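What follows is the residue order along each chain.
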There are 2 protein chains.
Amino acid sequence: MARPKDETKIDAIFEATLKLVQKSGFNGLKMADVAKAAGMATGTLYIYFKNKDVLINELFLSLKQSKTSRMMAGYDAADSFADTFRKLWFNYLELSLAEPERMLFIEQFAHTSFLTKKTKQQGDQMLEPLIAFLEQGMQKKIIRKMPMDLLLSQLMGPIYETIKAQQSKKLVLTPAQKQGMFEMAWRSVAF
Amino acid sequence: MARPKDETKIDAIFEATLKLVQKSGFNGLKMADVAKAAGMATGTLYIYFKNKDVLINELFLSLKQSKTSRMMAGYDAADSFADTFRKLWFNYLELSLAEPERMLFIEQFAHTSFLTKKTKQQGDQMLEPLIAFLEQGMQKKIIRKMPMDLLLSQLMGPIYETIKAQQSKKLVLTPAQKQGMFEMAWRSVAF
DNA sequence: AACTAAAATGAATATATATTCATTTATATT
DNA sequence: AATATAAATGAATATATATTCATTTTAGTT
């Protein structure tokens, strides 16, 4: 019919947004800056995203989707609970250390007023496979029984805080320290 | 000399700011709204605080100061390490559960572009007594040896995440669950 | 090659909101 | 009681920035 949308622009916009949020937070994010960093005119942003809120919410979902599927990579229901737990935990840690900006975007955005109800609900849904896995562990008495929210807090909390520390100071983790973190996580929740 | 400043206004401004940030985040915070909620004219805010950034940074320091001293309440160098650890940990948990808005203000603000270098440095300084205490525990081989940042992340992370969960869902913790959280914390870091 | 429709542009517009300041009010000092 | 000084006011100003839209460019269609 006519000129088609250039789908690669969406990625360019996402990357630019991520970079700018990392530098100056959600507050400082300006549409004009996003456009410039993405190499296009301001108005073009509005062809791909209705407005700033929509842009940020969609970026959030995209990041969360990617994060979740990478965490679950290699999941095999045939493996033992302990092995799977170790695998997922390390997936999550490495993911977090490798791309702290992406993880912090997700984590921080989840507590801003930009987050819409719908986005929140869609984001929560993505965690379901993980939740099912952990429920199983509790049922089998391999990990302590507790409300899912507490369990997730216990497991994710230290990782989030670690990458925050990694950001401000320039903490680099040795393999032994990563192993230590895993042991702490495991000991804390093991039955 | 002349009309004195009404120091109670500072508290009113802080309370109003806290309430509004809780409702609509740092983004949505408007000086006009703060003034209204605090029962004064917009211009009055500028008598007590140079500008919005200063206001928020000072509120942050005030909250962090209060939080820290309440966490250290009852600290006695004569007590055993384990007893003190338990006391401080429960102080922190109860503080967090009782005033999640205050804790989240601190936690979230620490990662916004509003936070100035100076404020950050002043805030970090407040943690020093806690850090000294934990160092001791590592030296005495009561808790595992690890970089302080990792230890703090391990201990604080789950609590932050828990109050975030408490905010969105209406999770209420039973005494047994609190005890369970403590056990997880202790087991994870104990030597 | 001409045509069409949508993408892309970016200056102009609309809006939101932080900050200022001329004026009024209140308190301490004389 | 009069005076001086600073607090308090809130409308006006300045500024920042999200969004729009008339215009231009581009890619597909005939």
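Scoring rules and cut-offs
- Residues numbered from 1 in each chain as written.
- Chains lettered and ligands numbered in written order.
- Predicted model: local features only at pLDDT ≥ 70, side-chain atom pairs only at ≥ 80, totals over all residues.
- Heavy atoms only, no water.
- Salt bridge = Lys/Arg side-chain N within 4 Å of Asp/Glu carboxyl O.
- Helix = DSSP H or I, 4+ residues; strand = E, 2+ residues; numbered from the N terminus.
- Buried < 20%, exposed > 50% of the residue type's maximum accessible area, 1.4 Å probe, protein only.
- Expected span 1.5 Å × (residues − 1).
- Polar contact = N/O pair within 3.5 Å; in protein donor to acceptor, adjacent residues only side chain to side chain.
- Contact = heavy atoms within 4.5 Å.
- Buried area = accessible area lost by both parts, 1.4 Å probe.
- Core = buried A, V, L, I, M, F, W, Y, C linked by side-chain atoms within 4.5 Å.
- Near = heavy atom within 4 Å.
- Nonpolar A, V, L, I, M, F, W, Y, C, P; charged D, E, K, R; others polar.

S.K.: Explain the pattern of salt bridges to me, please; I cannot follow it from the model alone.
M.R.: Opposite charge on two side chains permits them to pair, given that their charged atoms come into close proximity. For the structure on display, the rule yields 23 salt bridges over all chains. Between D124(A) and K120(A) there is a salt bridge, with the nearest N and O atoms lying 3.5 Å from each other. On the criterion of helical spacing, the pair formed by D124(A) and K120(A) is a turn pair, its members being 4 residues apart in helix α7 (residues 117–126). Residue classification places K120(A) among the partly exposed positions, given a relative accessible area of 32%. Among the ionic pairs, K169(A) bridges to D149(B), the shortest N-O distance being 3.3 Å. A residue pair is termed interchain when its members come from two chains, as with K169(A) in the loop between α9 (148–168) and α10 (175–189) and D149(B) in helix α9 (residues 148–168). A network of salt bridges, in which partner residues are shared, links E107(A), E161(A), K164(A), E107(B), E161(B) and K164(B).

S.K.: Help me out: how do you make sense of helix α4 (residues 52–71) of chain A in this one?
M.R.: Residue and element names in this part refer to chain A. Here α4 contains 20 residues, and its C-alpha end-to-end distance of 28 Å stays within 8% of the 28 Å for a straight helix at 1.5 Å per residue. Of the residues making up α4, those classed as buried are L55, I56, N57, L59, F60, L61, L63, K64, K67, T68 and M71. Two or three places before D53, at the start of α4, stands the capping residue N51, its side-chain oxygen 3.0 Å from that residue's backbone nitrogen.

S.K.: What is the right way to read the interface of chain A and chain B from this model?
M.R.: Where interface size is given, it is often the accessible area lost as the parts come together that is meant. Contacts between the two partners involve 37 residues from chain A and, on the opposite side, 37 residues from chain B. Approximately 3,300 Å² of surface area, both sides summed, lies buried where chain A meets chain B, with 55% of it carried by carbon and sulfur atoms. In this assembly, chain A and chain B are joined by 6 salt bridges. K164(A) serves as the salt-bridge partner of E107(B), at 2.5 Å between the closest nitrogen and oxygen. In this structure, the connection of chain A to chain B is made through 13 residue pairs in polar contact (both at pLDDT 80 or more). Broken down by secondary-structure element, the contributors of at least two residues to the side of chain A that touches chain B are α1 (8–28), α6 (100–109), α9 and α10 of chain A.

S.K.: Explanation requested: unusual backbone geometry in the structure shown.
M.R.: Excluding glycine, residues mostly have negative phi values, and the peptide bonds linking residues are mostly trans. Residues and elements named next belong to chain A. Positive phi values are uncommon outside glycine, yet K141 reaches one of about 60°. Positionally, K141 belongs in the loop between α8 (128–139) and α9. Among the residues examined, K141 registers a relative accessible area of 58% and is labelled exposed.

S.K.: What should I look at first to understand the nonpolar core in this one?
M.R.: Generally speaking, nonpolar side chains in soluble globular proteins are found buried as a group. Core analysis: the biggest nonpolar cluster contains 72 residues, and L130(A), L134(A), L151(A), L130(B), L134(B) and L151(B) have the highest contact counts within it. If we skip the residues at most four places from it in the chain, L130(B) touches M71(B), M72(B), L88(B), L152(B) and M156(B).

S.K.: Please explain the side chain of Q154(A) as it appears in this structure.
M.R.: Following the sequence through the fold, Q154(A) ends up in helix α9. A relative accessible area of 4% means that Q154(A) is categorised as buried.

S.K.: Is there a simple way to think about the protein's contact with DNA strand D in this case?
M.R.: Around DNA strand D, a shell composed of 25 residues is seen, among which M31(A), Y46(A), A2(B), T44(B) and Y48(B) lie nearest. Sugar and phosphate atoms constitute 77% of the interface atoms of DNA strand D, taking the interface as everything within 4 Å of the protein. In this structure, a phosphate oxygen belonging to DNA strand D sits 2.9 Å away from a main-chain N or O atom of A41(B). In this structure, T44(B) approaches DNA strand D through a side-chain N or O atom, which is 2.5 Å from a phosphate oxygen. At the level of secondary structure, the elements contributing two or more residues to the surface near DNA strand D comprise α3 (42–48) of chain A together with α3 (42–48) of chain B. Here the surface near DNA strand D is built from residues that sort into 13 nonpolar, 5 polar and 7 charged.

S.K.: Honestly, the protein's contact with DNA strand C in this entry has me stumped. Any pointers?
M.R.: Every one of the 25 residues lining DNA strand C counts as a neighbour, but K9(A), T44(A), Y48(A), M31(B) and Y46(B) are closest to it. Contacts to DNA strand C include G43(A), whose backbone N or O atom sits 3.3 Å from a base nitrogen. Mapped onto the surface near DNA strand C, the elements with two or more residues apiece are α3 of chain A together with α3 of chain B. Per-element accounting of the surface near DNA strand C gives the leading share, 5 residues, to α3(A).

Shape is all these values report; function is a separate question.
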